[in-house]
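Per-entry structural report
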Amino acid sequence: MVIPVSRSSRGSRPTIEGPGFLARADLQVLFDLLREDGRQLIGPTVADGAIIYDDITSVDQLPRGWGDEQSPGRYRLRRRGDERLFGYVVGPTAWKKWTFPALIPLTHSTHDGHKVSFEPEQATPPKLAFLGARACELAALGVQDRVLIGTEFIDPDYMVRRANVFVVAVQCTTSASTCFCTSMGTGPEVTDGFDLSLTELDAGFLVDSGTPAGRAVLERLPLRPASAAEQYGVAATVAAVRARIGDPVPTDGIHDRLLAQLDHPRWAQVAERCITCGNCTLACPTCFCTTLTQTTDLTGKNAVASRSWDSCFSPGFAKVAGGSFRARPRDRYRQWLTHKFATWWDQFGTSGCVGCGRCITWCPVGIDVRDELNAIAPPVPLSPESRLVEPVAATPNEFVTARVVNTKAETADTTTLTLTGVDPAFSHGSTGQFAMVALPGFPPLPISISRFLTDGIELTIRGAGPATRAMCALQVGDQVGLRGPLGNNWPLDRAVGRDLVIVTGGIGLAPLRPVLHAIVADRRRFGDVKLFYGARTPADLIYRDELERWGKRDGIDVSLTVDRAGPDWSGRVGIVTHLFDQAAWDGSNMIAFVCGPERMMQATSTTLAGRGVSASRIHVTLERHMECGIGLCGHCQMGKYFVCRDGPVFSIAQLGDTFGREGI
Amino acid sequence: MQDQASLVAVLNSTWFASGLEPGIQTRLAELSRTFTAEPGQELFREGDESEVLGIVIKGRVALRIHVPERGDFTILTVEPGDVYLWSALVPPYRATSTAVAIEALEAITFEGPALRAALREDAALAQALYPRVLVAVARRLNATRVQLLDLFAAEQVRTW
Ligand SMILES: Cc1cc2nc3c(=O)[nH]c(=O)nc-3n(C[C@H](O)[C@H](O)[C@H](O)COP(=O)(O)OP(=O)(O)OC[C@H]3O[C@@H](n4cnc5c(N)ncnc54)[C@H](O)[C@@H]3O)c2cc1C
Ligand code: FES
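Residues numbered from 1 in each chain as written. Chains lettered and ligands numbered in written order. Predicted model: local features only at pLDDT ≥ 70, side-chain atom pairs only at ≥ 80, totals over all residues. Heavy atoms only, no water.

1. Side note on the overall build of chain A
- For chain A, the count of helices and strands is 21 helices and 33 strands.
- Every one of the 664 residues in chain A was classed for burial, and the buried ones make up 54%.
- Put simply, 71% of the contacts in chain A that link residues at least 6 apart link residues at least 24 apart.
- Approximately 28,000 Å² of chain A is accessible, and the part contributed by carbon and sulfur atoms is 52%. (Helix = DSSP H or I, 4+ residues; strand = E, 2+ residues; numbered from the N terminus. Buried < 20%, exposed > 50% of the residue type's maximum accessible area, 1.4 Å probe, protein only. Contact = heavy atoms within 4.5 Å. Areas by Shrake-Rupley, 256 points an atom, 1.4 Å probe, with all protein chains shown as cover.)

Following this line, the structure appears as structure tokens:
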């Protein structure tokens, strides 16, 4: 980057390349410039045994030589033994104190005889400069921007306050044990959301600008070009911070993982420690819930409605006549955690957590949100070596039962059943495996497991005949018989580090859904993931919400097509292979999983082969008449294989010319 | 109006016209025009005279057939790289479906009569272009057959 540092006001200097260097002794110049511009400076200073943000005017008020030690429920200042001004991490104050104050008047109202009037309060906030905002805090400002001014309805008070802020960011050169910005993807590198950025070195700062306003200030600073060694030093220091923090909370797929665990016993356990004090929400830089308080004067004629920070931990937060919707601490803890890490995504398209660690440090009982997440919603392990679990009720004369706890109509003829009370073997099954599902009086049928839950499974069934129709008609509370999990699995281990293309049609997405869940839970292990899904009509697409999430949020390239549509469908119409038959791909690092009607799988594998994907890397799952599911009854034979035992997943190379051959 | 070189580059970015000899591409560029349409804009109606052959560069065109009493059905969407109104090259030069841009469309078009005249006069051009048209039409025929099989239908017509 080229930063022209022409110094019209303080004598002319040559234009310099790259970031500039500001001597520590010259930092007061920045203070003075910002104050000259009419800004009130808010920055770090030592008070009450902590580094807080407050009004400052001079560099001498900065926490020179101070660092901090943080761990769950603990914060201590310590002497660093150097002259660093920003050698601490983040303290208890969040910048929202100025952009979204804890208490503001909203409306003045009067009652005069029969007349009432309401006068909105107009904020006239001072021009501010925030000095020392860290990467996680910039992200937090971004999150509140999204919440408060990023949607249809905006918060007028926030808007004027936010617009008045000039942000001087400081890149982290140190970290605390409570930091997890790396997991939340917000830091430690400062990348955007600032006007000026500083990174502290032994003798001064590397200075860069992020906006024209920042550049205008930068151009007035007494800078010299930063040396290559200084620039390298900064990069190495920030990289070391990143390495030290590591990745304490694997967040891939956290949304779905967490929401699948609403009944986890850990919620009750953490609630035994949680005293619902709300410290975490007050310290949190993104929490935005508020409550209104009415205050009247003695005449009762004039009232002020004020807005103050509230907390989903406060007992009255979800109160209605007759009680509270979240009466128990466990409900409130669950509400907070699932909002931050899951439902925030649904509402605002971002995470509600930025990984600053304040809720951990300032929790009086030391609850560590990272431990709770890892315990309640652990990442789905994807161990390539893992052996398939032993099935339960393996022989065709026995069954274990499971209970339907939820039913979801996917399309007019297809239903997803959520089953619990199943033998744990099912939850430990693998992607692509199936269960033999039985109802008294009907032949047991093979059905793929379409989702693995910690205490259950899901099946997605299309009512194709009498037995499957009876299954689709099951209600919550009904039981079914199960054997399994049976069959082999998709070779997901072979997809690690490769590009994966998934081609499927109709109900064929069901046996591939757990593959997508596993990828989303550990997205970084895979290259590009493309999902091509075809259905008969738009009304026949299953898992619509998930398709949207996979595409919008989870980094999966989702393409849909249908065979025919009405004029209200604006997506593609055509066959699924036409989604990629002309694509300019390099198939050499690609692996493909295909499931659909056999004719469609043939066309797909031919097309994929034409794009350079070799037969040993194209996998299909076959459907055959199955009765025993374990290679004993002979029904599912195909050439040298029993599809139930040796499959149902095969590579095209394995199948050779039996694939697609009639009558085999 | 785009210049020749950029039109050639745009043609090269489509699978329909990529990799043709430079001379042929220049000739095609001379015959072509750029065309844009708003979402919802009807490009032509079933039975109309096919005035142009188009190549979609950006956007999506729905090909629809009207069934009296049942309404309009989208039977295919033409995606970037593919052609529409190939009937501009085949007698009786009439559109076989109604086309609507369902996303903002950028296309390259060739006037039917001019293109036909050029193909009659320029054997090299004809030799290069007709196989491409055949590929596009055959690809569509293949898709139509697969769609006809109705593979995802609930009731499968079993042959055994
Ligand atoms: C490995 C595998 C996984 C499958 N996964 C799913 C899934 O996730 N969702 C889904 O909806 N469908 C799935 N199927 C297909 C499902 O098993 C059949 O649609 C179902 O057996 C049809 O039975 P039916 O009685 O309802 O219908 P009908 O088509 O009327 O079948 C009539 C009779 O034919 C026999 N029959 C038909 N197909 C089969 C079969 N494959 N195995 C044994 N007997 C059969 C049975 O006796 C059945 O009662 C899968 C099939 C296999 C092999
Ligand atoms: S189902 Fe019995 S051998 Fe496969």
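2. Some words on the overall build of chain B
- If you tally the helices and strands in chain B, you get four helices and six strands.
- For chain B, with 160 residues in total, the buried portion stands at 46%.

3. Regarding the sheet that holds strand 19 (residues 400-411) of chain A
All names here are of chain A.
- Strands sit in the order 19-20-23-22-21-24 around a closed barrel of six strands; the barrel is antiparallel. This sheet shows a mean twist of 45 degrees between the axes of neighbouring strands, independent of strand direction.
- Sitting on the sheet, helix 17 (residues 513-521) is in contact with strand 20 (414-420), strand 22 (445-453) and strand 23 (456-462), with an inclination near 15 degrees to strand 22. (Pairing = 2+ DSSP bridges. Axes fitted to C-alpha atoms, helices over the stretch in contact; angles between N-to-C directions.)

4. Some words on the confidence of the model for chain B
- Averaged over all residues, the pLDDT of chain B equals 89, while 94% of them reach at least 70.
- Here the prediction assigns the complex a pTM of 0.65, and the interface score ipTM is 0.81. (pLDDT = per-residue confidence, 0-100.)

5. Comments concerning helix 11 (residues 329-348) of chain A
- Taking the largest bend as the criterion, helix 11 of chain A deviates by roughly 60 degrees, centred on His339 of chain A.
- At the exit of helix 11 of chain A stands Gly349 of chain A, carrying a positive phi of roughly 70 degrees. (Bend = angle between axes of the 7 residues up to and from the residue.)

6. So, the environment of Met436 of chain A
- Residue position: Met436 of chain A is located in strand 21 (residues 434-438).
- Excluding residues within four positions of it along the chain, Met436 of chain A makes contact with Phe399, Pro444, Leu445, Pro446, Gly481, Leu482, Arg483, Leu486, Met626, Glu627 and Cys628 of chain A.

7. Some points on the site of ligand 1
Residues and elements named next belong to chain A.
- What surrounds ligand 1 is a group of 19 residues, the closest being Pro446, Thr460, Arg462, Thr468 and Met626.
- Within the contact set of ligand 1, a nitrogen atom lies 3.0 Å away from a backbone nitrogen or oxygen of Ser448.
- A distance of 3.1 Å separates a nitrogen atom of ligand 1 from a polar backbone atom of Arg624.
- Burial of ligand 1 by the protein chains amounts to 78% of its free accessible area of 840 Å².
- Contributions of two or more residues to the shell around ligand 1 are made by strand 22, strand 23 and helix 15 (466-472).
- The element contributing the most residues to the shell around ligand 1 is strand 22, with four residues.
- Of the residues in the shell around ligand 1, the class split is eleven nonpolar, five polar and three charged. (Near = heavy atom within 4 Å. Polar contact = N/O pair within 3.5 Å; in protein donor to acceptor, adjacent residues only side chain to side chain. Nonpolar A, V, L, I, M, F, W, Y, C, P; charged D, E, K, R; others polar.)

8. Quick look at the packing of helix 3 (residues 112-121) of chain B against helix 4 (residues 123-149) of chain B
Residues and elements named next belong to chain B.
- Remark: helix 3 packs on helix 4, axes separated minimally by 5 Å, with the N-to-C direction vectors making an angle of 115 degrees. One way to sum up the angle between helix 3 and helix 4 is to call them roughly perpendicular. Along its contact with helix 3, which presents Leu115, Ala118, Leu119 and Glu121, the element helix 4 presents Ala123, Leu125, Ala126, Leu129 and Tyr130.
- Within the contact of helix 3 with helix 4, the residues separate by chemical class into eight nonpolar, no polar and one charged. (Parallel < 35°, antiparallel > 145°, perpendicular 65-115°, else oblique.)

9. Observations concerning the interface of chain A and chain B
- Taken together, the contact between chain A and chain B spans 25 residues of the former and 23 residues of the latter.
- Taken together, the connections running from chain A to chain B amount to four salt bridges.
- Asp581 of chain A is paired through a salt bridge with Arg139 of chain B; the nearest N and O atoms lie 2.6 Å apart.
- There are nine residue pairs in polar contact (both at pLDDT 80 or more) connecting chain A and chain B.
- Looking at the side of chain A that touches chain B, the elements that each hand over two or more residues are strand 26 (529-535), strand 28 (572-573) and helix 19 (598-610) of chain A.
- When the residues that make up the side of chain A that touches chain B are grouped by side-chain class, the tally is eight nonpolar, nine polar and eight charged. (Salt bridge = Lys/Arg side-chain N within 4 Å of Asp/Glu carboxyl O.)

10. Structural notes on the sheet that holds strand 15 (residues 290-296) of chain A
Residue and element names in this part refer to chain A.
- Taking strand neighbours across the sheet as the criterion, the four strands line up as 9-8-16-15 in an open arrangement whose pairing is antiparallel. Either end of the sheet is taken by a strand with one partner, and the two such strands are strand 9 (115-120) and strand 15. Adjacent strand axes in the sheet meet at a mean angle of 20 degrees, parallel and antiparallel pairs treated alike.
- Bridge count for strand 8 (residues 103-112) against strand 16 (residues 302-309) is seven bridges, and the pairing is antiparallel. Within strand 16, the position partnered with Pro105 by the bridge is Ser306.

11. Overview of empty space enclosed by the protein
- Here the structure, examined in full by the defined rule, presents six cavities of 30 Å³ or more.
- Put simply, the largest cavity is a space of about 160 Å³.
- Lining the largest cavity are 16 residues; nearest its centre among them are Ile575, Val576 and Met600 of chain A together with Val146 and Leu151 of chain B.
- For the lining of the largest cavity, the secondary structure elements donating two or more residues are strand 26, strand 27 (557-562) and helix 19 of chain A together with helix 4 of chain B.
- Considering each element in turn, the lining of the largest cavity owes the most residues, three residues, to helix 19 of chain A.
- Of the residues contributing to the lining of the largest cavity, the split by class is ten nonpolar, four polar and two charged. (1 Å grid on protein atoms, 1.4 Å probe; cavity = no way out; pocket = protein on both sides within 12 Å on 5 of 7 lines; lining within 4 Å. Points joined across faces, edges and corners; volume = space filled by probe spheres on them.)

12. Some remarks on the packing of aromatic side chains
All names here are of chain A.
- This structure, assessed with the given rule, holds 21 aromatic pairs over all chains.
- Taking the centre distance of 5.9 Å and the plane angle of 75 degrees together, the rings of Phe86 and Phe205 count as edge-to-face. With Phe86 in the loop between strand 7 (74-79) and helix 2 (96-99) and Phe205 in strand 13 (residues 204-209), this pair connects stretches of sequence that are 119 residues apart. Per residue, the accessibility class of Phe86 equals that of Phe205, and both read buried.
- Aromatic pair Phe313 and Trp336: ring centres 5.8 Å apart, planes at 55 degrees, arrangement tilted. Of the two residues, Phe313 is situated in the loop between strand 16 and strand 17 (319-320) and Trp336 in helix 11; the sequence distance between them amounts to 23 residues. Each member of the pair Phe313 and Trp336 is classed as buried.
- Pairwise contacts between aromatic rings join Tyr53, Trp95, Trp98 and Phe130 into one cluster.
- A cation sits over an aromatic face here: Arg134 above Tyr88, 4.7 Å from the ring centre.
- In this arrangement the basic side chain of Arg224 is found over the ring face of Phe21, its NZ or CZ atom lying 4.1 Å from the centre. (Phe/Tyr/Trp six-rings, centres within 6.5 Å; stacked < 30°, edge-to-face > 60°. Lys NZ or Arg CZ within 6 Å of the ring centre and 35° of its normal.)

13. Overview of the pairing of strand 25 (residues 499-505) of chain A
Residue and element names in this part refer to chain A.
- For strand 25, a buried count of seven out of seven residues is recorded, marking the element as mostly surrounded by other parts of the structure.
- Burial along strand 25 is two-sided: the face carrying Asp499, Val501, Val503 and Gly505 and the face carrying Leu500, Ile502 and Thr504 are both buried.
- Pairing of strand 25 with strand 29 (residues 590-595), which is carried by six bridges, proceeds in the parallel orientation. Its bridge partner being in strand 29, Val501 is matched across the sheet by Ala592.
- In this sheet, strand 26 lies alongside strand 25 in parallel orientation, the contact comprising six bridges. Bridging from a neighbouring strand, Val501 pairs with Lys530 of strand 26.
- The handedness of the strand 25 to strand 26 crossover, carried by helix 17, is right-handed. (Right-handed = clockwise from strand over helix to strand, strands pointing away.)

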